[in-house]
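The residues making up each chain are set out below.
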Amino acid sequence: MAVALRAEKAVRLAARTPALAFIRSAFVARKRNYDKPNWLGVGLAFGTSAALWAYLFKQHDDDVMEYERRKRERQHKCTDCS
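Each value, and the rule that gives it
- Residues numbered from 1 in each chain as written.
- Predicted model: local features only at pLDDT ≥ 70, side-chain atom pairs only at ≥ 80, totals over all residues.
- Heavy atoms only, no water.
- Helix = DSSP H or I, 4+ residues; strand = E, 2+ residues; numbered from the N terminus.
- Buried < 20%, exposed > 50% of the residue type's maximum accessible area, 1.4 Å probe, protein only.
- Areas by Shrake-Rupley, 256 points an atom, 1.4 Å probe, with all protein chains shown as cover.
- Phe/Tyr/Trp six-rings, centres within 6.5 Å; stacked < 30°, edge-to-face > 60°.

**Things to note about the overall build of the protein chain**
Counting its secondary structure elements, the protein chain contains two helices and zero strands. Of all 82 residues assigned to the protein chain, the portion counted as buried reaches 0%. Accessible area of the protein chain: about 8,500 Å², with a carbon and sulfur share of 64%.

Listed below in structure tokens is the structure:
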């Protein structure tokens, strides 16, 4: 069953491929101009990366603080607190 489905998919893909060869995509229709970078895109990419790293460090610090708090609670053997 799976072999027949794979063969059918390959036949459909092969039949469709020549038609796709003549379609011009809007994403590759013009060459990039490397003299004028897209500063908005660059800023968004680096800003997002910096924000994610900052969040990662903050989350790590919170996790370490929570770990230390739970570790102290485990070692606390007071009978008055229970």
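**Focus: the packing of aromatic side chains**
Taken as a whole, this structure holds one aromatic pair when the rule is applied. Their ring planes at 35° and their centres at 5.9 Å tell us that Trp-53 and Phe-57 sit as a pair that is tilted. Remark: Phe-57 and Trp-53 occur in helix α2 (residues 39-75); sequence separation between them is four residues, near one turn of the helix.

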